[in-house]
Amino acid sequence: MPVPPAPVAVPASLGTMRIGMGQLLVEGGEPARNLARAVEQIAAAAAQQCDLVLLPETLDFAWTHPSALYEAQPIPGPFSDQLCQAAALHGLYVCAGLTERAADGRNYNAAILIDPQGTIILKYHKINLLDIEQPFYAVGQTLNVVDTPLGKIGVNICADNYLDGLPIGHTLARMGAEFIIAPSSWTVDYSITEEHDPYEEKWVRPFSILAKLYNVVVVSTTSVGYIVGGPYEGKKSVGCSLAVDAQGIQAQGAFNEFAGQLVVADLNRPNRTEKGTDIGLMLQRKGFRFDQLP
């Protein structure tokens, strides 16, 4: 009878990060109102002594809203400046999704990480674009992890954490990320209610795979509200923001289209000791196979 592999101990943490997951009402084509709510959420997170506040994907125009095609702003620019000023005023890290108009005229589904001095220390462009969003955004071409006093932070966006996009998370983990944070805009059909939560397989499973394989913390914050304009008009964003580590779900937002809220969680900073090829050896010990197709 085969002997099962011994359980792999999870190393102790190196302290905690207090993170605010800002489930924000995002209205299509209303950047001024959306950014005002974002600034309010930053202040609310600071009032609860958060180290970092994570805000949703494309919170300026909303995901795939047609107005972004001709009104998107550069980064740095007037929209990102408002978030930078709020981060500096309240002295915390801010990660938020915006639409970026690049110098070459292309739009990107972008995420920025701002430090407590109001400086953008990381900018990322979404890679795993859904087919319906490809007319709105160009595909990103870089991945980055940044060192902070809170730990090593990697940033991606929403569908980058689908099961078919997990190589993005694998790469961030290989780059040393201790926290992978993701602005998101999780959407469902208007008829779906919280009694029929579709996200167990779609989000909890891939987050858990990364968290348990690498001992990383994966956090995603999503918008709320009905979608107006664009290919998903009539659908709704329903919250259900999520924080998962190697031990399981550590925090979760309410699930419905009216669940605008700040979810505060104290998350242990993982002690990741492996680097380079040692990560591959660790994965092999956990039963991960590199030499087989599914």
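In this report, the structure presented in the accompanying data block is examined. (Residues numbered from 1 in each chain as written. Predicted model: local features only at pLDDT ≥ 70, side-chain atom pairs only at ≥ 80, totals over all residues. Heavy atoms only, no water.)

**Notes on the packing of aromatic side chains**
Thinking step 1. Evaluation of the coordinates by the stated rule reveals nine aromatic pairs.
Thinking step 2. Relative to Phe 290, the ring of Phe 288 has its centre 5.0 Å away and its plane inclined at 65°; by these criteria the two rings are edge-to-face.
Thinking step 3. Linked through ring pairs, Tyr 162, Trp 186, Trp 203 and Phe 207 together constitute an aromatic cluster.
Thinking step 4. Sitting above the plane of the Tyr 232 ring, Lys 235 keeps its charged end 5.3 Å from the centroid. (Phe/Tyr/Trp six-rings, centres within 6.5 Å; stacked < 30°, edge-to-face > 60°. Lys NZ or Arg CZ within 6 Å of the ring centre and 35° of its normal.)

**Quick word on the sheet that holds strand E12 (residues 236-238)**
Thinking step 1. With antiparallel pairing, the three strands of this open sheet are ordered in space as E9-E12-E11. Among the strands making up the open sheet, the edge pair consists of strand E9 (187-188) and strand E11 (224-226).
Thinking step 2. Across three bridges, the pairing between E11 and E12 is antiparallel. Note on E12: the bridge partner recorded for Tyr 226 is Lys 236. (Pairing = 2+ DSSP bridges. Helix = DSSP H or I, 4+ residues; strand = E, 2+ residues; numbered from the N terminus.)

**Overview of empty space enclosed by the protein**
Thinking step 1. One pass over the structure, following the stated rule, counts two cavities of 30 Å³ or more.
Thinking step 2. In this structure, the largest cavity occupies an estimated 130 Å³ of space.
Thinking step 3. Along the wall of the largest cavity there are 16 residues; nearest its centre are Val 26, Ala 62, Trp 63, Ile 227 and Ser 237.
Thinking step 4. Broken down by element, the lining of the largest cavity gets its largest block of residues, three residues, from E11.
Thinking step 5. Across the lining of the largest cavity, the residue classes break down as seven nonpolar, seven polar and two charged. (1 Å grid on protein atoms, 1.4 Å probe; cavity = no way out; pocket = protein on both sides within 12 Å on 5 of 7 lines; lining within 4 Å. Points joined across faces, edges and corners; volume = space filled by probe spheres on them. Nonpolar A, V, L, I, M, F, W, Y, C, P; charged D, E, K, R; others polar.)

**Describing the state of the cysteines**
Thinking step 1. In the structure shown here, the tally under the stated rule is zero disulfides.
Thinking step 2. In this model Cys 95 remains outside any disulfide bridge; the closest cysteine sulfur is found in Cys 84, 12 Å from its own.
Thinking step 3. On the basis of relative accessibility, which here comes to 0%, the residue Cys 95 falls in the buried class.
Thinking step 4. Free of any disulfide, Cys 158 has its nearest cysteine sulfur in Cys 240, 12 Å distant. (Disulfide = S-S within 2.5 Å. Buried < 20%, exposed > 50% of the residue type's maximum accessible area, 1.4 Å probe, protein only.)

**Side note on the sheet that holds strand E13 (residues 242-245)**
Thinking step 1. Spatial ordering of the open sheet is given by E6-E7-E8-E10-E13-E14, a layout of six strands whose pairing is mixed. Pairing within the sheet leaves two strands with one partner each, and these edge strands are strand E6 (145-148) and strand E14 (248-252). When the angles between neighbouring strand axes are averaged without regard to direction, this sheet yields 20°.
Thinking step 2. Bridge analysis of E13 against E14 gives four bridges, and the strand direction is antiparallel. Across the sheet, Leu 242 pairs through a bridge with Gln 252, a residue of E14. (Axes fitted to C-alpha atoms, helices over the stretch in contact; angles between N-to-C directions.)

**Details of the packing of helix H1 (residues 31-47) against helix H3 (residues 78-90)**
Thinking step 1. H3 packs onto H1 with a crossing angle of 15° between their chain directions and a minimal axis gap of 10 Å. One way to sum up the angle between H1 and H3 is to call them roughly parallel. When you trace H1 past H3, the crossing you get is right-handed. Residues Pro 31, Leu 35, Ala 38, Val 39, Ile 42, Ala 43 and Ala 46 of H1 lie in contact with H3, whose contacting residues are Phe 79, Gln 82, Leu 83, Ala 86, Ala 87 and His 90.
Thinking step 2. A per-class count over the contact of H1 with H3 returns eleven nonpolar, two polar and no charged. (Parallel < 35°, antiparallel > 145°, perpendicular 65-115°, else oblique. Left-handed = near helix turned anticlockwise from the far one by under 90°. Contact = heavy atoms within 4.5 Å.)

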